[in-house]
Amino acid sequence: IQPTVFLHFAYTSLRLVAGFIAGVSVGILLGIMLSKWKTLSSLLSPVLDSMRSVPAVAIVPFFLLWFGFSETGKILLVVTGIAFNIAIATHHILQEVPEKHRILFNGFGIDPHSMIKDYSIPRLLETLLPTVRFSLATAMGVVIVSELLGSQIGLGYLMQTARSTFSMHVIFLATIMLGLLNSLVDLILTKSWTRVVYWK
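Remember, it's a predicted structure, so these values are computed and weren't measured experimentally.

Analysis parameters
- Here the residue numbers are simple positions, counted from 1 along each chain's written sequence.
- pLDDT decides what is reported in this predicted model: residues at 70 or higher carry local features, side-chain atom pairs at 80 or more are listed and counted, and totals for whole chains, interfaces and linings draw on all residues regardless.
- Processing note: side-chain calculations cover all non-hydrogen atoms of the structure and skip hydrogens and water entirely.
- In this text, helices come from DSSP runs of H or I with a minimum length of four residues, and strands from runs of E with a minimum of two, each type numbered from the N-terminal end.
- Each residue gets one of three labels from its accessible area relative to the maximum for its type: buried under 20%, exposed over 50%, partly exposed in between, using a 1.4 Å probe on protein chains only.
- Any two residues whose heavy atoms approach within 4.5 Å at even a single point are treated as in contact.
- Note on definitions: the grid is 1 Å and covers protein atoms alone; a cavity is a set of points where a 1.4 Å probe fits but cannot get out; a pocket is an open set with protein on both sides within 12 Å along at least five of seven lines; lining residues have an atom within 4 Å of a point.
- Grid points are joined across faces, edges and corners, and a volume is the space filled by probe spheres set on the points.
- Under the grouping applied here, Gly and all other residues not named as nonpolar or charged are polar, the nonpolar ones being Ala, Val, Leu, Ile, Met, Phe, Trp, Tyr, Cys and Pro and the charged ones Asp, Glu, Lys and Arg.
- Here, expected helix span is obtained from the residue count minus one, scaled by 1.5 Å.
- In this analysis the local bend is the angle between axes fitted, respectively, to the seven residues ending at and the seven residues starting at the residue.
- Angles run from 0 to 180 degrees between N-to-C directions of axes, and those axes are lines fitted to C-alpha atoms, restricted for helices to the stretch in contact.
- Orientation labels follow simple angle bins: below 35 degrees gives roughly parallel, above 145 gives roughly antiparallel, 65 to 115 gives roughly perpendicular, and whatever is left gives oblique.
- By definition, turning the near helix anticlockwise from the far helix through less than a right angle yields a left-handed crossing, and turning it clockwise yields a right-handed one.
- Patch membership needs two things, relative accessible area over 30% and no salt bridge, and members are linked within 9 Å if like-charged or within 5 Å if nonpolar (Val, Leu, Ile, Met, Phe, Trp, Tyr).
- Accessible areas in this description were obtained via Shrake-Rupley with a 1.4 Å probe; residue shielding takes into account the shown protein chains only.
- Every case where a carboxyl oxygen of Asp or Glu lies within 4 Å of a side-chain nitrogen of Lys or Arg is listed as a salt bridge.
- The criterion is simple. A nonpolar core is a set of buried Ala, Val, Leu, Ile, Met, Phe, Trp, Tyr and Cys residues joined through side-chain atoms within 4.5 Å.

Chemist: Is there a simple way to think about the environment of Q152 in this case?
Modeler: Relative to the assigned elements, Q152 resides in the loop between helix 7 (129-149) and helix 8 (155-164). Residue Q152 is classed as exposed on the basis of its relative accessible area, which comes to 53%. For the pair Q152 and T131, spaced 21 residues apart in sequence, the C-alpha to C-alpha distance is 31 Å. When neighbours within four sequence positions are excluded, Q152 is seen to be in contact with F69 and Y157.

Encoded structure:
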């Protein structure tokens, strides 16, 4: 049975959302760890800086070799594509403690990095949204490239097959659906983030 365009849309949506949530979670966790432990930061920061400079699409062939056409490989590719940038941004935000906060913590003899739940995470949530939204666009591109090069279903695969048969209307339809998907996920993300950061 030939899958419908809505089934292609559903598969792309699931890959995007699963990889995006996992990538943001891994990036934030890694960034917090780098901020809390100086030795770990000294060891991993150069590696993360070099890894994030590599375009995510450049590592697609390696993931195809390692994981084939499996869903695990596609989701891990999205995680790899955005987690390093999120981690670096998280680390930078948590290292740059505002002067008024620094004076307060020094007055009470408190290390701000020791207060992950009460200080680090709330401050991070106030500042990280622009980076997360940019990572969403990156994740979308990575998902589509992975489907173009190694998938049997999804909007990227649909565009690839339509290109080979010169079905321009199908390519236009898939492109419009990708734009709608990105806008929808971005809207849900910003609305949810605003509710979480209720104090701002």
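Read on for the rest.
Chemist: I keep staring at the layout of surface pockets and nothing clicks. Help me out?
Modeler: Any empty space left between the atoms is revealed when a probe the size of a water molecule rolls over them. Quantified by volume, the largest pocket comes out at close to 240 Å³. If you go around the largest pocket, you meet 13 residues; those closest to its centre are V17, F20, I21, V185 and L189. Going through the elements one at a time, helix 1 (5-36) and helix 9 (168-196) are the ones with two or more residues in the lining of the largest pocket. Looking at the lining of the largest pocket, the element that brings in the most residues is helix 9, giving seven residues. When the residues that make up the lining of the largest pocket are grouped by side-chain class, the tally is eleven nonpolar, two polar and no charged.

Chemist: Before we go on, may I ask you to explain helix 2 (residues 38-52) in this structure?
Modeler: In an α-helix, one turn spans 3.6 residues; hence positions three or four apart end up facing the same way. Helix length check: helix 2 (15 residues) gives 20 Å between terminal C-alpha atoms against 21 Å at 1.5 Å per residue, within 8%. L44 marks the point of greatest bend in helix 2, at about 40°, and the proline P46 comes within the next four residues. S41, S45 and L48 are the residues of helix 2 that are buried.

Chemist: It is not clear to me how the packing of helix 7 against helix 8 should be interpreted in this structure. Could you clarify?
Modeler: Helix packing for two helices is described by the angle between their axes and how far apart those axes are. At a minimum axis separation of 7 Å, helix 7 and helix 8 run at an interaxial angle of 50°. Here helix 7 is positioned oblique relative to helix 8, judged by the angle of their axes. For the pair helix 7 and helix 8, the crossing hand works out as right-handed. Contacts between helix 7 and helix 8 pair I144, E147 and L148 from the former with L155, G156, Y157 and Q160 from the latter. Residues of the contact of helix 7 with helix 8, tallied by class, amount to four nonpolar, two polar and one charged.

Chemist: Help me understand a nonpolar patch on the surface, please; the structure alone is not making it clear to me.
Modeler: Among the surface-exposed residues, F62, L65, W66, F67 and L76 lie close enough to one another that they form a single nonpolar patch of about 570 Å² accessible area. The element contributing the most residues to the nonpolar patch is helix 3 (residues 60-67), with four residues. Along the chain, the position of L76 falls in helix 4 (residues 71-95).

Chemist: I keep staring at the nonpolar core and nothing clicks. Help me out?
Modeler: A general feature of soluble globular proteins is that nonpolar side chains tend to end up buried together. One finds L16, F20, I28, L128, V132 and W193 to be the most contacted residues of the largest nonpolar core, which totals 41 residues. Looking at this core, the elements with two or more residues in it are helix 1, helix 3, helix 4, helix 6 (116-127), helix 7, helix 8 and helix 9. Take this core: its biggest share by element is nine residues, from helix 9. Residues in contact with F20, not counting those within four places in the same chain, are V78, I82, V132, S135, L136, A139 and L189. In this structure, L30, L34, F84 and A87 belong to the second largest nonpolar core, which totals six residues.

Geometry only, nothing functional implied.
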